[in-house]
Amino acid sequence: MAAKLMHAVCYEAYGGGPSGLKHVEVPAPVAKNDEVLLKVEAASINPVDWRMQKGTMRPILPCKFPYVPATDLAGEVVAVGSGVKNFKPGDKVVTYLSHARGGGLAEFAVSKEKTTVIRPAEVSAAEGAGLPIAGVTAYRAVTYSAGVNLDGSGPQKNILITAASGGVGQYAVQLAKLGKTHVTATCGARNIELIKSLGADEVLDYKTPDGAALKSPSGKKYDAVIHCATKGIPWSTFKPHLSATGKVIDITPGPSVWLTCAVQKLTFSKKKIVPLIVFPRGEDVAYLVNLVKEGKLKTVIDSKHPLSKAEDAW
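Cut-off values and rules
- Residues numbered from 1 in each chain as written.
- Predicted model: local features only at pLDDT ≥ 70, side-chain atom pairs only at ≥ 80, totals over all residues.
- Heavy atoms only, no water.
- Helix = DSSP H or I, 4+ residues; strand = E, 2+ residues; numbered from the N terminus.
- Rg over C-alpha atoms; globule rule 2.2 N^0.38 Å.
- Buried < 20%, exposed > 50% of the residue type's maximum accessible area, 1.4 Å probe, protein only.
- Contact = heavy atoms within 4.5 Å.
- Areas by Shrake-Rupley, 256 points an atom, 1.4 Å probe, with all protein chains shown as cover.
- Lys, Arg positive; Asp, Glu negative; His and termini not counted.
- Charge placed at Lys NZ, Arg CZ, Asp CG, Glu CD.
- Disulfide = S-S within 2.5 Å.
- Pairing = 2+ DSSP bridges.
- Axes fitted to C-alpha atoms, helices over the stretch in contact; angles between N-to-C directions.
- Polar contact = N/O pair within 3.5 Å; in protein donor to acceptor, adjacent residues only side chain to side chain.
- Phe/Tyr/Trp six-rings, centres within 6.5 Å; stacked < 30°, edge-to-face > 60°.
- Lys NZ or Arg CZ within 6 Å of the ring centre and 35° of its normal.
- Expected span 1.5 Å × (residues − 1).
- Arc of directions from axis to C-beta.
- Parallel < 35°, antiparallel > 145°, perpendicular 65-115°, else oblique.
- Left-handed = near helix turned anticlockwise from the far one by under 90°.
- Nonpolar A, V, L, I, M, F, W, Y, C, P; charged D, E, K, R; others polar.

Undergrad: Go over the overall build of the chain, please, and point to the residues and values.
TA: A count of helical and extended segments in the chain gives 10 helices and 13 strands. Relative to its length of 314 residues, the chain is compact, with a C-alpha radius of gyration of 20 Å against a globular reference of 20 Å. For the chain, the proportion of its 314 residues judged to be buried stands at 50%. Within the chain, contacts between residues separated by at least 24 positions form 69% of all contacts whose residues are at least 6 apart in sequence. Carbon and sulfur atoms form 57% of the exposed surface of the chain, whose accessible area is close to 15,100 Å². With 38 positive and 27 negative side-chain charges, the chain shows a separation of 7 Å between the mean positions of the two kinds.

Undergrad: I'd like to hear about the state of the cysteines, residue by residue, with values.
TA: By the definition in use, this model includes zero disulfides. Unpaired in this structure, Cys-63 has its nearest cysteine sulfur neighbour in Cys-10, at a distance of 16 Å. Just so you know, Cys-261 is unpaired, no disulfide at all, and the nearest cysteine sulfur is the one on Cys-228, 18 Å from it.

Undergrad: Any chance you could break down the sheet that holds strand β5 (residues 92-96) for me, citing the residues and the numbers?
TA: Read across the open sheet, the five strands follow the order β6-β3-β4-β5-β7; overall the sheet is antiparallel. Looking at which strands have only one partner, the edges of the open sheet turn out to be β6 (108-112) and β7 (116-118). Along the sheet, successive strands turn relative to each other by an average axial angle of 45°, direction set aside. Across the face of the sheet, helix α9 (residues 282-293) comes into contact with β5 and β7 while running at roughly 30° to β7.

Undergrad: How would you summarise the side chain of Thr-143 if you had to cite specific residues and measurements?
TA: When you line up the elements, Thr-143 lands in helix α3 (residues 131-145). One polar contact links the side chain of Thr-143 to the main-chain carbonyl oxygen of Tyr-139, over a distance of 2.5 Å. Sequence-distant contacts of Thr-143, defined by excluding residues within four places in its chain, comprise Val-148 and Leu-150.

Undergrad: Describe the packing of aromatic side chains, listing the residues and the values that go with them.
TA: Here the structure, examined in full by the defined rule, presents six aromatic pairs. Aromatic side chains Tyr-11 and Tyr-67 sit 5.7 Å apart centroid to centroid with 55° between the ring planes, which places their arrangement in the tilted category. Taken as a pair, Tyr-11 in the loop between β1 (5-10) and β2 (22-27) and Tyr-67 in the loop between α1 (47-54) and β4 (72-80) lie far apart in primary sequence, 56 residues in all. A residue is classified by how much of its surface remains accessible, and Tyr-11, at 0% relative accessible area, is buried. An aromatic cluster is defined as three or more aromatic residues linked by ring pairs; in this entry it consists of Tyr-11, Tyr-14, Phe-65, Tyr-67 and Trp-314. Over the aromatic face of Tyr-14 sits the side chain of Arg-58, whose NZ or CZ is 4.1 Å from the ring centroid. Directly above the ring of Tyr-144 sits Arg-140, whose terminal nitrogen or CZ lies 5.5 Å from the centroid.

Undergrad: Residues and numbers for α9, please.
TA: The terminal C-alpha atoms of α9 lie 16 Å apart, and with 12 residues this matches the ideal 16 Å at 1.5 Å per residue to within 8%. Restricting attention to buried positions, one finds in α9 the residues Gly-282, Asp-284, Val-285, Leu-288, Val-289, Leu-291 and Val-292. On its buried face, α9 sits against β5, β7, α2 (125-129), α3 and α4 (167-178). Directly beyond the C-terminal end of α9, a positive phi value near 80° is found at Gly-295.

Undergrad: Let's hear about helix α8 (residues 255-266): which residues, and what values?
TA: Structurally, the α-helix is built with 3.6 residues per turn, so residues lying three or four positions apart point the same way. Given a rise of 1.5 Å per residue, 12 residues ought to cover 16 Å, and the 17 Å separating the end C-alpha atoms of α8 matches this to within 8%. Those residues of α8 that sit buried are Val-257, Cys-261 and Gln-264. In a view along the axis of α8, the buried residues occupy a sector of 65°, so they form one face of it. Of the exposed residues in α8, the ones pointing more than 90 degrees away from its buried face are Pro-255, Ser-256, Leu-259 and Leu-266.

Undergrad: Please give an account of the packing of α3 against α4 that cites residues and values.
TA: Direction vectors running N to C along α3 and α4 enclose 45°, while the axes themselves pass 8 Å from each other. When the interaxial angle is binned, α3 and α4 end up oblique. Where α3 crosses over α4, the two elements pack in a sense that is right-handed. Residues Leu-131, Ala-134, Gly-135, Thr-137, Ala-138, Tyr-139 and Val-142 of α3 lie in contact with α4, whose contacting residues are Gly-167, Val-168, Tyr-171, Ala-172, Leu-175 and Ala-176. Counted by class, the contact of α3 with α4 contains 10 nonpolar, three polar and no charged residues.

Undergrad: Pulling in residues and values, what's your account of the sheet that holds strand β8 (residues 158-162)?
TA: The parallel open sheet is built from six strands, whose spatial order is β10-β9-β8-β11-β12-β13. Unpaired on one side and paired on the other, β10 (202-205) and β13 (272-275) mark the two borders of the sheet. Adjacent strand axes in the sheet meet at a mean angle of 20° when their direction is disregarded. Sheet topology places β8 next to strand β11 (residues 222-227); four bridges connect them, and they run parallel. Looking at the pairing, Leu-160 lines up with Val-225 of β11.

This is the structure in structure tokens:
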């Protein structure tokens, strides 16, 4: 019997941007032993998706062409593999697909049971689809790396979040405030009010002298910097604003960051730069989904586009 066809969006070579995306009809995937088959209701696009298309991650990713991008999605379970125990058809879920496989910009997708979590009725598909990469990166940076307890216990920390109006930054501001930290944030002038509304105590336009220097208006030293900006900022800019044991958590570390980190380890520096590479886990996504359900965290939706106009979202 012929496989059911579905609409998907793919690219067949590096480069091309939105015009490189193609709308195709391909066989719908089938759930294997430890997988669930989803009817996709929403998928979010992350910077890593267009970086992969641009070729900045070659020759590792994409693994092969044609490639259907997007890894963060929400949908409804329509079938499960024989080894799946925790899901059944009709369940609403949030999930994360591997970058090696991709598959989010399509009518149907398959995901591993271990990276799939139940989505309660209080969390919309779009809100859920924003969480895996951006939300979990922010969660790991704030809690594991910066040492903030989200229940507000422990000593109050002073946190700087750069590029706070990006996906990771928006979540990081909210999570840091759940931990009762003092948050200084940088962003463009047009997003200052948005970042204030998410709870930031001080917001700097990164194009102003103080913003470029990362200087806190209140003069506070930072216990941690969650560096979300892709633009390289030299260590010498961060260092004078860090507390005695302050750290810079870089979520997009390049070669210079890894080199600086190695030198600091060799010299036993108390002020450190910490590269952060995150692969979302199901339990982390479930934790964030519950925060959204409880109204303690929100996904800021920039815009919504149908699959037929995926180029506009890209």
